[in-house]
Amino acid sequence: MRIATAKETYIADEGLLTTRTQRAWMIVLALVLVLAPFVLNAYWLYLACLVAINVASATGLNILTGYTGLVSLGQAAFMAVGAYAVAFLDGHLGTPFLLNIFAAGLVAAAVGVLVGVPSLRVKGLYLAIATIAASFILHFVFTNWVSVTGGMSGVNVAPARLFGIELASPFALYFVIVPITALMVLAAANLFRTRIGRAFIAIRDRDISAEVLGIPLLQYKLMSFALSSFYAGVAGGMWAYFFRVVTPESFPFATSIFFLAAVIVGGLGTILGPILGAAFMTLVPELLKYVVEWLGPVFPNAGAALSPVRTIVFGALIIFFLVFEPQGLAEIVRRIRRFFHLWPFKT
Amino acid sequence: MDWLFFAEVTLAGLGSGALLALTALAFVLIYKATRVINLAVGEILMLGGYLFFAFSAGFGLPVWAAIPLAIAGGGVVGAMVERALIRPMLGEAPISVFMVTVGLGSVLMGAVELVWNTDPRALPDFMGATPVFIGEAYVSRKIAIGFAVAGVVIALFLLLFRFWRGGVALRATASDQAAAYSCGINVPGVFSLAWIVACATAAGAGILVGAIGGISPTMGVFGLSALVVVIIGGLDSVLGALVGGLLIGLVEAWAGTFLGGEFKLVTTFSLLIAALMIRPYGLFGTVEIERL
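Residue numbers run consecutively from 1 along every chain, following the written order of its sequence. Naming scheme: in the order in which they are written, chains are lettered from A and ligands are numbered from 1. The model is predicted, so local features are restricted to residues of pLDDT at least 70 and side-chain atom pairs to those at 80 or more, both for listing and for counting; the totals for chains, interfaces and linings are taken over all residues.

Looking at an unreviewed UniProt entry, one finds chain A named Branched-chain amino acid ABC transporter permease and attributed to Xanthobacter autotrophicus.

Here's what the structure looks like:
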């Protein structure tokens, strides 16, 4: 049971980690993240990097959809903008790795503001459709602006270099991608302790009331779009260095749905949600592969059925969580925590 | 400019526009009754095409039996989905219900791939191939038949909404659920009815679309075009679906022919954004007034 946690100051009450147990767990998590690459094999490291990239992008979408209440189905397109920005900067200007990733975020943020402009007049699902439209227009730009994007064949990206070390393997990239993602998640967590973050939440809860309270809607909605697409852009930049080739088909419309699904499965409007959701939605299809391999001797055709079964499981997971656990995985974690807080009393 | 060619492109555009309008009707019906945007309409359309394929080519049924069976199959799917997935989600945020239909679309697509694999197929020909001439302009027979069927079905729907008891109940539910309840209208029944009719319509549209362009698990993309139509026309307006459908059909045909195939989607989506900026609730949609 959790006792003796009375707060004496507002600062203590607003802290990110308020109890000693939380701090201890955070240290354990940091240790696990640092030691993991020395234990895992190449395949699992590859997955870990992929999860980290997806977590970064999903956290960005959560700022927009979970906290500001603006539904967007354009996250993959913003990621693509970031990836192409990295490819262009790396190929044409040869600027350093970390600067490229940051610049990718800024370029994506600029595009995000542009896409967000209709958000003042258009609301709810109409806005979601407008972002679908924007992502298809961006896809058109990627295919046809051949001098920058290389058209359908795409562009290759040279391996990232940092302090003279070439980061080509997942092992090396892990030490860049995971810290960047951790930093971005931390920034998101802190955002909601500031005026800007609270303004986002006010807009989500009732935008007209927020305006009456003195929050300039256009400015804050655009800011939310910019932040969210900055996250997507950075994630896309990391993606470009990770896979080292960017084509218009790298970020299909289905990826946007994937991110929205990840945020919803994880839990809208929580910091933990997109982390759990992105990890879960990335790893389940991989686990399915093991199930299929395991079933191989029994059903010889199981391999051919893998792709449709993944599609079915993906859809079924979205439906299952929305119907039975609308608060997502974060709520399950909260329930477990509550159990230990109150133990030995019944929750 | 060759005016005959232009006229032929325009006629083809009107033909596909009528199919878009028919599919858009499925969106409008469901949105009117239950305030849900059903993104799975495209996949139900695909399922309709595949059901027809299964009944006619697989079981060897004659066309006159396979068409009603495929349409009924779409209706059954609609009924099951409404009962099992949409009813429990009543009162949840619109985005949640929207995502449920996205998930449903994914499940349907996977299921179709599992049963019929991903190869594109041609539906058995049941319309004949002799071309139709309007004046001197050539129209493919399939597109002409598609246009005629879509026109008749939409006209039928307009009449039903106006005069049939169920249609009036649906309009009453759309305008005020609580008031409809207190007048003795069976609102849950209306919900089911709307989903059944809409999914049956989508399945029927799928047979027409499949007969013209062949069927494949990715033909659900057609639903996305129809979604553009309803957003431009207004989500709760049958008239909007009709006007928007013909408009988008024409624009797609013109853009595809005179600018090049890759401009088709980008033109329609640019049109969508322009329309939303000018009229956020579509051309004929009900403007929602927000109060504190």
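### Notes on the overall build of chain A
The cut-off we apply is this: Strands here are runs of E lasting at least two residues and helices are runs of H or I lasting at least four, both read from the DSSP assignment and numbered beginning at the N terminus. Once C-beta atoms have been placed from the backbone, residue pairs whose C-beta atoms lie within 7 Å are recorded as contacts.
The secondary structure content of chain A amounts to 15 helices and four strands. For chain A, the spread of C-alpha atoms along the principal axes amounts to about 60 × 60 × 45 Å. Across chain A, every contact between residues at least 6 apart in sequence was considered, and the portion connecting residues at least 24 apart equals 76%.

### Some thoughts on the overall build of chain B
As a reminder of what qualifies: Our radius of gyration looks at C-alpha atoms and nothing else; its globule reference is 2.2 Å times the residue count to the power 0.38. Residue burial is a threshold on neighbouring C-beta atoms within 10 Å of the residue's own C-beta, all placed from the backbone, with 20 or more meaning buried, 12 or fewer meaning exposed, and counts in between meaning partly exposed.
A tally of regular secondary structure across chain B gives eleven helices and two strands. Moving toward the C terminus, one meets the helices and strands of chain B in the order α-α-α-α-β-β-α-α-α-α-α-α-α. Computed over its C-alpha atoms, the radius of gyration of chain B comes to 19 Å, within 12% of the 19 Å expected for a compact globule of 292 residues. Taken along its principal axes, the extent of the C-alpha atoms in chain B is 55 × 50 × 35 Å. Expressed as a percentage of the 292 residues in chain B, the buried residues total 51%. Intrachain contacts of chain B at a sequence separation of at least 6 include 77% that bridge at least 24 residues.

### Considerations on helix 8 (residues 187–213) of chain B
All names here are of chain B. Note the threshold: By this rule, a helix spans an expected 1.5 Å times one less than how many residues it contains.
The end-to-end C-alpha distance of helix 8 is 38 Å, a good match for the 39 Å that 27 residues give at a rise of 1.5 Å each. Of all 27 residues making up helix 8, 21 are buried, and the element is well covered by its neighbours. Taken from the residues just after helix 8, Gly-214 is the one with a positive phi, measuring 80°.

### A look at the packing of helix 9 (residues 195–205) of chain A against helix 11 (residues 217–243) of chain A
Residues and elements named next belong to chain A. We apply this condition: Only the contacting stretch of a helix is used when fitting its axis, a line to C-alpha atoms as for every element, and angles between N-to-C directions run 0 to 180 degrees. Any angle that falls under 35 degrees is termed roughly parallel, while one over 145 is termed roughly antiparallel, one within 65 to 115 roughly perpendicular, and all others oblique.
Contact geometry for helix 9 and helix 11: axes closest at 10 Å, N-to-C directions at 105°. Looking at the two axes, helix 9 sits roughly perpendicular to helix 11. Between helix 9 and helix 11, the residues in contact are Ile-196, Ala-199, Phe-200 and Ile-203 and Leu-217, Tyr-220, Lys-221, Met-223 and Ser-224, respectively.

### A few points about the interface of chain A and chain B
Applicable threshold: Basically, the charged four are Asp, Glu, Lys and Arg, the nonpolar ten are Ala, Val, Leu, Ile, Met, Phe, Trp, Tyr, Cys and Pro, and anything else, Gly included, counts as polar.
Each side of the interface is counted separately: chain A has 34 residues, and chain B has 36 residues. Secondary structure elements with two or more residues in the side of chain A that touches chain B: helix 6 (124–144), helix 10 (207–212), helix 12 (253–266) and helix 14 (306–324) of chain A. In terms of residue class, the side of chain A that touches chain B is made up of 27 nonpolar, six polar and one charged.

### Looking at the UniProt feature "transmembrane region" (unreviewed entry) in chain A
Spelled out, the test is: UniProt positions are given in the numbering used here, feature names are shortened, and annotations may be inferred rather than shown by experiment.
The sites that carry the UniProt feature "transmembrane region" (unreviewed entry) are, in the present numbering, residues 24–52, 64–85, 97–117, 124–142, 171–192, 222–242, 254–280 and 312–333 of chain A. Structurally, residues 97–117 of chain A comprises 95% helix and 0% strand, and the distance from its first C-alpha atom to its last is 31 Å.

### What to know about helix 4 (residues 75–93) of chain A
For helix 4 of chain A, which comprises 19 residues, the first-to-last C-alpha distance of 26 Å matches the rise-based estimate of 27 Å (1.5 Å per residue) to within 8%. In the stretch just after helix 4 of chain A, Gly-94 of chain A is the one whose phi turns positive, near 65°.

### Re the packing of helix 9 (residues 221–233) of chain B against helix 11 (residues 263–278) of chain B
If you want to describe how two helices pack, look at the angle between their axes and the distance between the axes. Residues and elements named next belong to chain B. Stated formally: Helix crossings are classified by the rotation of the near helix relative to the far one: an anticlockwise turn of less than a right angle makes the crossing left-handed, while a clockwise turn makes it right-handed.
Two numbers describe how helix 9 lies on helix 11: the axes approach to 9 Å, and their chain directions differ by 20°. Classified by the interaxial angle, the pair formed by helix 9 and helix 11 is roughly parallel. As helix 9 runs across helix 11, the sense of the crossing is left-handed. For the pair helix 9 and helix 11, contact is made by Ser-225, Val-228, Ile-231 and Ile-232 and by Thr-268, Phe-269, Leu-271, Leu-272, Ala-275 and Leu-276, respectively. Of the residues in the contact of helix 9 with helix 11, the class split is eight nonpolar, two polar and no charged.

### Notes on the nonpolar core
Residues and elements named next belong to chain B. Applied cut-off: Under the definition applied here, buried Ala, Val, Leu, Ile, Met, Phe, Trp, Tyr and Cys residues are grouped into a nonpolar core through C-beta atoms within 7 Å.
Among the nonpolar cores identified, the biggest contains 211 residues, and Ala-21, Leu-25, Phe-27 and Ala-194 are the most heavily contacted of them. Sort the elements by how many residues they give to this core and helix 8 lands first, with 17 residues. Aside from chain neighbours lying at most four places away, what touches Phe-27 is Ile-37, Asn-38, Val-41, Ala-226, Leu-227 and Val-230.

### A word on the domain arrangement of chain A
Residues and elements named next belong to chain A. This is how it is decided: Each domain's extent is set by a domain assignment, obtained either automatically or from a database.
When the domains of chain A are assigned, the result is domain 1 (1–39) and domain 2 (40–342). A C-alpha centroid distance of 26 Å is found between domain 1 and domain 2. Domain 1 puts eight residues into the contact, and the matching count from domain 2 is ten residues. For the side of domain 1 that touches domain 2, the leading source of residues is helix 2 (residues 20–39), giving four residues. Class assignment of the residues belonging to the side of domain 1 that touches domain 2 gives a composition of six nonpolar, no polar and two charged.

### Looking at the environment of Gly-214 of chain A
Residue and element names in this part refer to chain A. Position of Gly-214 relative to the elements: it lies in the loop between helix 10 and helix 11. For Gly-214, a count of 8 C-beta atoms within 10 Å translates into the label exposed. Residues Gly-214 and Ala-199 lie 15 residues apart in sequence; the distance between their C-alpha atoms is 9.5 Å.

### Observations regarding unusual backbone geometry
Residues and elements named next belong to chain A. Note that the residue after Trp-343, namely Pro-344, is joined by a cis bond; omega there is 5°. Assignment of secondary structure puts Pro-344 in the segment after helix 15 (329–342). Non-glycine residue Arg-244 carries a positive phi angle of around 65°. Following the sequence through the fold, Arg-244 ends up in the loop between helix 11 and strand 4 (245–246).

### Focus: the environment of Val-190 of chain B
Residues and elements named next belong to chain B. Along the chain, Val-190 falls in helix 8. Along the sequence, Val-190 and Ala-174 sit 16 residues apart, while their C-alpha atoms lie 9.8 Å from each other. Not counting the four nearest positions on each side in its chain, Val-190 is found in contact with Ala-33, Ala-169, Leu-170, Thr-173 and Ile-185.

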